[in-house]
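Structure assessment
Residues per chain are reported as follows:
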Amino acid sequence: MQEIIDKTISFVKATLADAEAGHDWFHIERVFHNAQKINAIEKGDALVVALAALLHDIADPKFNNGDEEIGPRMAGDFLSSLALDEQLIVHVQQIIRNLSYKASLGVVNFQSSELDIVQDADRLDAIGAIGIARAFTYGGYKNRVLYDPEIKPNLNMSKEEYKNSTAPTINHFYEKLLLLKDLMKTEEGKRIAEQRHEFMLSYLEQFYSEV
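Residues numbered from 1 in each chain as written. Predicted model: local features only at pLDDT ≥ 70, side-chain atom pairs only at ≥ 80, totals over all residues. Heavy atoms only, no water.

A closer look at the overall build of the protein chain
We count it as follows: Where helices and strands are cited, they refer to DSSP runs of H or I of at least four residues and of E of at least two residues respectively, numbered from the N terminus. Both definitions apply: the radius of gyration is a C-alpha atom measure, and the globule rule equals 2.2 Å times residues to the power 0.38. Classification of residues uses two cut-offs on accessible area relative to the type maximum, computed with a 1.4 Å probe and protein chains only: under 20% is buried, over 50% is exposed, and between them is partly exposed. For this analysis, residues touch if any pair of their heavy atoms sits within 4.5 Å. Working definition of accessibility: Shrake-Rupley area with a 1.4 Å probe, residue cover restricted to the visible protein chains.
Along the protein chain, the regular secondary structure elements total 11 helices and 0 strands. For the protein chain, the succession of helices and strands along the chain, N to C, is α-α-α-α-α-α-α-α-α-α-α. Computed over its C-alpha atoms, the radius of gyration of the protein chain comes to 17 Å, within 12% of the 17 Å expected for a compact globule of 211 residues. Overall, the C-alpha framework of the protein chain stretches about 55 × 35 × 30 Å when taken along its three principal axes. The proportion of buried residues among the 211 residues of the protein chain is 49%. Looking at the protein chain alone, contacts between residues at least 24 apart form 66% of all its contacts between residues at least 6 apart. For the protein chain, the accessible surface area stands at approximately 10,700 Å², while carbon and sulfur atoms represent 51% of it.

Structure, rendered in structure tokens:
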């Protein structure tokens, strides 16, 4: 198992060498460690959890013209090259396909405890101090306004509206980040999310006081 994980880490590092800073290898590494921590309690399939965490952003649709199948396809091709069991490969692909917050705004036809674990691990990296840094990093990458009081958060976005949003970064807190705490599915995910959520609220309070 460790040899498979090591080969996957090397593949991900090489593939994401030039990735946007919020979706780079260090993001993957944090999600991997979060997933390991949660899985120590949840007892899911350790290899599925590890591979899905490592490969979940191998080709994020945001950076690939909205193609939602390129990630599962690349992951599948790589795992097939390791001669892994087809059922395991399909499971990992399904996790990648259904992991994102955007995916949850559409129809989700797949469920597993491993998806819950990796999804919580990924969502933890979207909140707290790291989540704030990642939000503004991506906002800068897309040249978005930090804050505009005239543009109110859209709290009822469809999947397509979410994908095409160009709203100020502060709006993203209300449209996604502050919602994640209550969407956690594992007990460990919920526990960790509480403190990170409170930190974001404190940050916003400080932000508005400075504005």
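Quick word on the pattern of salt bridges
Threshold: The term salt bridge refers to a side-chain nitrogen of Lys or Arg lying within 4 Å of a carboxyl oxygen of Asp or Glu.
Under the criterion given, the structure shown has 12 salt bridges. In this structure, Arg134 and Asp125 form a salt bridge, with 3.7 Å as the shortest nitrogen-oxygen distance. Its relative accessible area of 1% is what places Asp125 among the buried residues. Close ionic contact of Lys181 with Asp182 constitutes a salt bridge, the shortest N to O distance being 3.0 Å. Through salt bridges with shared partners, a single ionic network connects Glu68, Lys159, Glu160 and Lys163.

Remarks on the packing of aromatic side chains
Counted only if it meets this: Here a pair means two rings of Phe, Tyr or Trp (six-membered ring of Trp) with centres within 6.5 Å. Their orientation is stacked below 30 degrees between planes, edge-to-face above 60, and tilted elsewhere. Look at NZ for Lys and CZ for Arg. If either is within 6 Å of the ring centre and within 35 degrees of the ring normal, a charge sits over the ring.
Within the structure shown, the criterion is met by 12 aromatic pairs. Considering the side-chain rings of Tyr203 and Phe207, the 6.1 Å spacing of their centres and the 40 degrees angle between planes classify their relative orientation as tilted. Separated by 4 residues within a single helix, Tyr203 and Phe207 lie in helix H11 (residues 187-210), roughly one turn from each other. Using a relative accessible area of 14% as the deciding quantity, one classes Phe207 as buried. Grouping aromatic residues by their ring pairs yields a cluster made of Phe136, Tyr147, Phe173, Tyr203, Phe207 and Tyr208. The ring of Tyr138 carries the charged tip of Lys62 above its face, separated from the ring centre by 5.8 Å.

A word on the side chain of Thr169
Considering the arrangement of structural elements, one finds Thr169 in helix H10 (residues 169-175). Not counting chain neighbours up to four residues away, the residues in contact with Thr169 comprise Ala135, Phe136, Gly139, Arg144, Val145 and Leu146.

Side note on the packing of helix H4 (residues 70-81) against helix H5 (residues 86-98)
Heads up, the condition is: Note on geometry: axes are C-alpha line fits, over the in-contact stretch for helices, and angles between N-to-C directions span 0 to 180 degrees. To sort the angles, those under 35 degrees are grouped as roughly parallel, those over 145 as roughly antiparallel, those from 65 to 115 as roughly perpendicular, and the leftovers as oblique. By the definition used in this description, the sense in which the near helix is turned from the far one sets the handedness, with an anticlockwise turn below a right angle giving left-handed and a clockwise turn giving right-handed. Under the convention adopted here, Pro, Cys and the residues Ala, Val, Leu, Ile, Met, Phe, Trp and Tyr are nonpolar, Asp, Glu, Lys and Arg are charged, and Gly plus all remaining residues are polar.
Interhelical geometry of H4 versus H5 gives an angle of 155 degrees and a closest axis separation of 9 Å. One element, H4, and the other, H5, form an angle in the roughly antiparallel class. Pair H4 / H5 crosses with right-handed handedness. On H5, the residues touching Gly71, Pro72, Arg73, Ala75, Gly76, Leu79 and Ser80 of H4 are Ile89, Val92, Gln93, Ile96 and Arg97. Partitioned by chemical class, the residues of the contact of H4 with H5 number 6 nonpolar, 4 polar and 2 charged.

A look at unusual backbone geometry
Positive phi is not limited to glycine here, since Lys43 has a value of about 60 degrees. Structurally, Lys43 can be placed in the loop between helix H2 (25-42) and helix H3 (46-55). For Asn143, which is not glycine, the phi torsion reads 55 degrees and is therefore positive. By the element assignment, Asn143 lies in the loop between helix H8 (128-141) and helix H9 (159-164). Take Asn143: its relative accessible area is 71%, and that puts it in the exposed class.

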